[in-house]
Each structure stands twice: as structure tokens, then as C-alpha cells.
Amino acid sequence: MSLTLFIGNKNYSSSSMRAGVLLRAFEIDVYERFIRFDSFAPGSAFKRQVAEFSPAGSVPFLVDDTVTDASGKPLVIWDTLAIIEYLADRFTDLPIWPKDAALRARARSLCAEMHCGFSALRNHCIMNIGVDLSRQGRILWRDQPALRRDIARIENACEEIMLWSKGPYLAGNFGAIDAFFAPVIMRLKYYDLPVSETLQRYIDIHCAHPAVAEWITSAIDTAEFIDFEEPYRLSTEI
Ligand SMILES: N[C@@H](CCC(=O)N[C@@H](CS)C(=O)NCC(=O)O)C(=O)O
């Protein structure tokens, strides 16, 4: 199988991180291709490069050139949930989801919740791997009740599923749900947001996983400064 994962800037692209970390965690052979973030304006270099393959206009997307779609082109899978489900379908021997059906359903619920929820955390704490945003984190924590509610929900979700799975990762072994949580963990870590002891232990073990640790190193090594991703380093207001 020849797979290519198209990703954005590793320090900023939270969705790319989910897919990239999952592929690496399961040592699935994949080529990685980078599409540089820009303004995302219609016709921008980013949009033109994405449009060569995917109609969705965003990264990440996965191209499987051993399979064709209805028009005879290599199959393109976009959106992290669809990419992860595709990999779970293709690599049935890999424990991407928990074996137990009930625990698998809970892991899927949490991934779906993570996929479309936590807007306060997402909006106030743009992922920016390797940057010390602890001062901004302290101010946001003080001023943004919705952010505190998001974090309380994450603590509660992590504690509940780890009690069920017995850890060490969220649903037992490192799997889809951990990959889904990776960008959230980056936000908690680099904004240094206060979390429960259980969540802190999970953050530590999560960041030490080779797939996550490699992504962090690579994100720091390849980091670029893109204005619209940098509200805090460009502003003196917070
Ligand atoms: N729901 C999508 C979200 C993908 C997404 O928003 N990707 C961002 C980069 S992290 C992007 O490509 N944005 C381009 C744009 O906003 O035009 C997924 O989970 O893959």
C-alpha cells in the first residue's frame, strides 16, 4: 500500500498532528508531504496545492494510490475522523480502536466530541508547539469561564475512560483517541493550564510516547512564524 499524508505546519496544524501521530504510533508506512500555511484565501498557494488532490480545501488528507475512486483517480480521504476510520478499516490487525465494543463506542464518542467541541479551548489557545505561552494561559484561565469549563470536561472525560480502561493511555494502549487528544494536550502543555493530577500524569505519558515526542521535536525544528496564527506573540494586550 502506498499512502501519502499531506499535512500543514507541524507547530500550528492540530488536525495534521492527529493523523500524523496515529500513523507513526502504529508504524504504518507513509510518505509525508508538507503544504505550507498561508492566508488560506481563495486561490492562495495553499488552496491551489490542496485543490490538486482534495476538494475539501484543508489538511490533513491521505492519498492511497493503490485504490481508485469513481473517476479512476487515487483515493483521497480527508478529515481526521475519516482518515482514522480508513486506517482502522485497512489495518484490521492493528489495535487502533479498543477491542471491547463498549469501550470502543466510548472512545468514538470522545473523539467525536473532541472533533466538534471544546471551542473555547480551540479559539483561545491556538496550538503553537514549543512556545512558552504560560503567561497568556494564566490570563485566559482567569478571564475565560468557558475555557475553564472545557478543561473541567476534559479532566472528567479522561478520568472516566482511564478508570474504565485501566490505562496507561486513554483506552488502554495508545490508539485513535490518544491521537485525537494530542493537539489538546499540546494546548494544555504550552499554555501551562492548571489540570488535575490524573490529567497531568496523562499529559506526561502522552508527551513521552515516541510518536508524540517525534512530532514535538519536528514541530519545533521546522517551526515558522505565521502572523494570523500568532495573536499572542504579535499583541501586547494579553
Ligand atoms: N475537520 C477537519 C479540519 C481540518 C482543518 O481545519 N485543517 C486546517 C489546518 S489545521 C486547514 O487546513 N485550514 C485551512 C482553511 O481554514 O482554509 C479535520 O479534522 O481534518
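Here the structure is a predicted model, which means the values were calculated and not measured.

J.: Any chance you could explain the sheet that holds strand β3 (residues 61-68) here in plain terms?
T.: Within a sheet, adjacent strands bond to each other through the backbone by hydrogen bonds, running parallel or antiparallel. Strand order in the open sheet formed by four strands is β2-β1-β3-β4, with mixed pairing between adjacent strands. With one partner strand each, in any of the chains shown, β2 (31-34) and β4 (74-78) form the two edges of the open sheet. Averaged over all adjacent pairs, the angle separating strand axes in this sheet is 25°, with direction ignored.

J.: I tried to follow the packing of helix α7 (residues 145-165) against helix α8 (residues 176-190) on my own but got confused; where do I start?
T.: For any two helices packed against each other, the geometry comes down to the angle between their axes and how far apart the axes lie. At a minimum axis distance of 13 Å, the contact between α7 and α8 shows a crossing angle of 140°. Considering their axes alone, α7 and α8 lie oblique with respect to each other. Relative to α8, α7 is oriented so that their crossing is left-handed. Between α7, through Ile-151, Ile-154, Cys-158 and Ile-161, and α8, the contact on the second element is made entirely by Ile-177, Phe-181, Val-184 and Leu-188. Class assignment for the residues of the contact of α7 with α8 results in eight nonpolar, no polar and no charged.

J.: What exactly am I supposed to notice about the site of the ligand here?
T.: Around the ligand lies a shell of 15 residues, among which Lys-47, Val-59, Asp-79, Thr-80 and His-115 are the nearest. The separation between an oxygen atom of the ligand and a polar side-chain atom of Lys-47 is 2.6 Å. Within the backbone of Val-59, one N or O atom sits 2.8 Å away from a nitrogen atom of the ligand. When the free accessible area of the ligand is taken as 520 Å², the share hidden by the protein chains comes to 71%. In a pocket analysis with a 2 Å cut-off to the grid points, the ligand is assigned to the largest pocket.

J.: Looking at this structure, I do not really get the side chain of Asp-178. What am I missing?
T.: Take Asp-178: it is sitting in helix α8. Look at Asp-178: it is buried, it has no salt bridge, and the nearest opposite charge is Arg-18 at 12 Å. A polar contact of 2.9 Å, which involves the side chain of Asp-178, links it to the backbone nitrogen of Gly-175. Those residues in contact with Asp-178, other than ones at most four positions away along the chain, are Tyr-169, Leu-170, Asn-173, Tyr-202 and His-206.

J.: Where do I start with the environment of Val-63 in this structure?
T.: Topologically, Val-63 is positioned in strand β3. For Val-63 and Glu-27, which are 36 residues apart along the polypeptide, the C-alpha to C-alpha distance reads 17 Å. Each residue touching Val-63, except ones within four places of it in the same chain, is listed here: Ser-2, Leu-3, Thr-4, Phe-6, Phe-53, Pro-74, Leu-75 and Val-76.

J.: I tried to follow the environment of Cys-158 on my own but got confused; where do I start?
T.: Topologically, Cys-158 is positioned in helix α7. The class for Cys-158 is buried, based on a relative accessible area of 1%. Once residues within four sequence positions are removed from consideration, Cys-158 is found in contact with Leu-170, Phe-181 and Leu-199.

J.: It is not clear to me how the pairing of β4 should be interpreted in this structure. Could you clarify?
T.: On a regular strand, one side chain projects to one face of the sheet and the next to the other, so that they alternate. Where β3 meets β4, five bridges bridge the pair, whose relative direction is antiparallel. Bridged to Val-63 within β4 is Val-76. The turn linking β3 back onto β4 is made up of five residues, and Gly-72 within it adopts a positive phi angle of 85°.

What counts as what
- Residues numbered from 1 in each chain as written.
- Predicted model: local features only at pLDDT ≥ 70, side-chain atom pairs only at ≥ 80, totals over all residues.
- Heavy atoms only, no water.
- Pairing = 2+ DSSP bridges.
- Helix = DSSP H or I, 4+ residues; strand = E, 2+ residues; numbered from the N terminus.
- Axes fitted to C-alpha atoms, helices over the stretch in contact; angles between N-to-C directions.
- Parallel < 35°, antiparallel > 145°, perpendicular 65-115°, else oblique.
- Left-handed = near helix turned anticlockwise from the far one by under 90°.
- Contact = heavy atoms within 4.5 Å.
- Nonpolar A, V, L, I, M, F, W, Y, C, P; charged D, E, K, R; others polar.
- Near = heavy atom within 4 Å.
- Polar contact = N/O pair within 3.5 Å; in protein donor to acceptor, adjacent residues only side chain to side chain.
- Areas by Shrake-Rupley, 256 points an atom, 1.4 Å probe, with all protein chains shown as cover.
- 1 Å grid on protein atoms, 1.4 Å probe; cavity = no way out; pocket = protein on both sides within 12 Å on 5 of 7 lines; lining within 4 Å.
- Sits in = over half its atoms within 2 Å of the grid points.
- Buried < 20%, exposed > 50% of the residue type's maximum accessible area, 1.4 Å probe, protein only.
- Lys, Arg positive; Asp, Glu negative; His and termini not counted.
- Salt bridge = Lys/Arg side-chain N within 4 Å of Asp/Glu carboxyl O.

It is worth stressing that arrangement in space is one thing and function is another; only the former is reported here.
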